[in-house]
Amino acid sequence: MTGIQQDQALAEAYDGITAVVDDLDDAHLQRATRCQGWLVADLLLHVLGDAQRALVALASPIGGPADSDDVSYWRGFPGGDDGAARHAWWVRRSASAFDRPTGIVRVWKETAPAAVRAAAAADPEGYVTTQGHVLRVPDLLATLTTEAVVHHLDLTPELPDAPPPGPLAVRVAVSTMDGLLSDDTVRPAGWDDTEFLLKATGRIPLTDRDRLELGEAAGWFPLLG
C-alpha cells in the first residue's frame, strides 16, 4: 500500500473504534473484552496510548534506514511475557484513575483524530522511531492500524450492536497476518478475515480441522500476541 492509503486505513481504523465507544454509557464501558482482565474502558485506554505514541513518533522524524517493517516489527512482541502482564496491570490502574469511564472516551475522541491528521501530514518517504525500532512512516501507520483492528474486535464480544472494523483497515491487518505466515503457508480456505484475525492473535483457538489444514504452521499460532 502507498503512504496515502496507509493514512486512510489508520483513519478508518480509529473511526471504527470511535463508532464502537462513542455512545456507550459508563455501564457498557465496564463490560468485558477479549483481553483477559480488561474492560472496554481499559482496552480503550490502551489503544489511546497507541494514538499518543503515534503523535510523538510522527512529530520526531529521524534518518533511516529502517530496522523493521510492518511485519517484522511484530516479531518482537510475542505476548504473554512478564512485561505484557505488567503493562496490563498498569492499564487497569490508570483507567481506574478516571472519574468516569466516559472520560477515557472523551480523551480518545480528542487524540485519535489528531494522530490521523499527523499521519496524513507525515512524509511517506520519511522514517520514525517507536518502541526501539526505526520504521518507514507507512510501516508505522500499518502497525497502528493492525493493532487498532485487532482491538476493535476485542472490544465487541459483549457489544452485539457494535459496527465491525472498516474494510481498508481490515485489509491492512490481514496483510500483516499473512506476512507473519511463511511464504508457502496459506490460511484455511474456510476462514473469513475476522476468523483469521481472531485465530492468528490467539483470541479463539484452532480447531482440529484448522490444525490439519495448517500442518506444521499450526505450531506458529498465535502469530501475534
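Every chain's residues receive numbers from 1 upward, in the order its sequence appears when written. Where local features are concerned, this predicted model is filtered to residues with pLDDT of at least 70; where side-chain atom pairs are given and counted, the filter is 80 or more; whole-chain, interface and lining totals use all residues. Hydrogens and waters are ignored; side-chain quantities use all the structure's heavy atoms.

Considering the overall build of the chain
Quick reminder of the rule: In DSSP terms, a helix is any run of H or I states spanning at least four residues, a strand is any run of E spanning at least two, and both are numbered starting from the N terminus. In this setup the radius of gyration rests on C-alpha atoms only. A globule is expected at 2.2 Å times the number of residues raised to 0.38. Three labels apply to residues, based on accessible area from a 1.4 Å probe with only protein chains included: buried if under 20% of the type maximum, exposed if over 50%, partly exposed otherwise in between.
Per the secondary structure count, the chain includes eight helices and two strands. Reading the chain from its N end, one meets helices and strands in the order α-α-α-α-β-β-α-α-α-α. Its C-alpha atoms give the chain a radius of gyration of 17 Å, near enough to 17 Å, the size a compact globule of 225 residues would have. Viewed in the frame of its principal axes, the chain has a C-alpha envelope of about 50 × 45 × 35 Å. The burial tally for the chain puts 48% of its 225 residues in the buried class.

A few points about the environment of valine 40
What counts is decided by this rule: Residue contacts follow a heavy-atom distance rule, with two residues in contact if any of their heavy atoms lie within 4.5 Å.
Take valine 40: it is sitting in helix α2 (residues 40–58). For the pair valine 40 and alanine 27, spaced 13 residues apart in sequence, the C-alpha separation works out to 9.9 Å. In contact with valine 40, other than residues within four places in its own chain, are Val21, Leu24, His28, Leu29, Arg31, Ala32, Thr33, Leu155 and Leu159.

Digging into the nonpolar core
Rules: For the purposes of this section, nonpolar cores are sets of buried Ala, Val, Leu, Ile, Met, Phe, Trp, Tyr and Cys residues that join through side-chain atoms within 4.5 Å.
Grouped together as the largest cluster of nonpolar side chains are 66 residues, with contacts concentrated most on Tyr14, Val21, Leu58, Trp108, Met177, Leu197 and Phe221. Elements represented by at least two residues in this core include exactly α1 (3–21), α2, α3 (82–96), α4 (102–121), α5 (137–155), α6 (167–180) and α7 (193–200). Sort the elements by how many residues they give to this core and α2 lands first, with 11 residues. Once residues within four sequence positions are removed from consideration, leucine 58 is found in contact with Ala115, Ala118, Ala119, Ala122, Val128, Val137, Leu140 and Leu141.

Observations concerning the pattern of salt bridges
The line we're drawing: In what follows, salt bridge is the name for a side-chain nitrogen of Lys or Arg lying within 4 Å of a carboxyl oxygen of Asp or Glu.
Under the defined criterion, the tally for this structure stands at 10 salt bridges. Aspartate 42 is the salt-bridge partner of arginine 92, the closest N and O atoms lying 2.9 Å from each other. Placement of the pair is arginine 92 in helix α3 and aspartate 42 in helix α2, with a sequence separation of 50 residues. Note on arginine 92: relative accessible area 31%, which makes it partly exposed.

Thoughts on the pairing of strand β2 (residues 133–136)
In plain terms, the rule: Any two strands are treated as partners once DSSP identifies two or more bridges connecting them.
Relative to β2, strand β1 (residues 127–130) runs antiparallel, the two sharing four bridges. Within the sheet, the bridge partner assigned to threonine 130 lies in β2 and is histidine 133. Where β1 folds back onto β2 in an antiparallel hairpin, the turn is made up of two residues, including glutamine 131, whose phi is positive at roughly 50 degrees.

Structural notes on the packing of aromatic side chains
The following threshold applies: Two rings from Phe, Tyr or Trp (for Trp, the six-membered ring) form a pair when their centres sit within 6.5 Å of each other. Planes less than 30 degrees apart are called stacked, planes more than 60 degrees apart edge-to-face, and all others tilted.
Applying the stated criterion to the full structure yields four aromatic pairs. An angle of 70 degrees between the planes, with centres 5.0 Å apart, marks the rings of tyrosine 14 and tryptophan 108 as edge-to-face. With tyrosine 14 in helix α1 and tryptophan 108 in helix α4, this residue pair connects regions lying 94 residues apart in the sequence. Since its relative accessible area comes to 2%, tyrosine 14 is described here as buried.

Worth remembering: the numbers are spatial, not functional.
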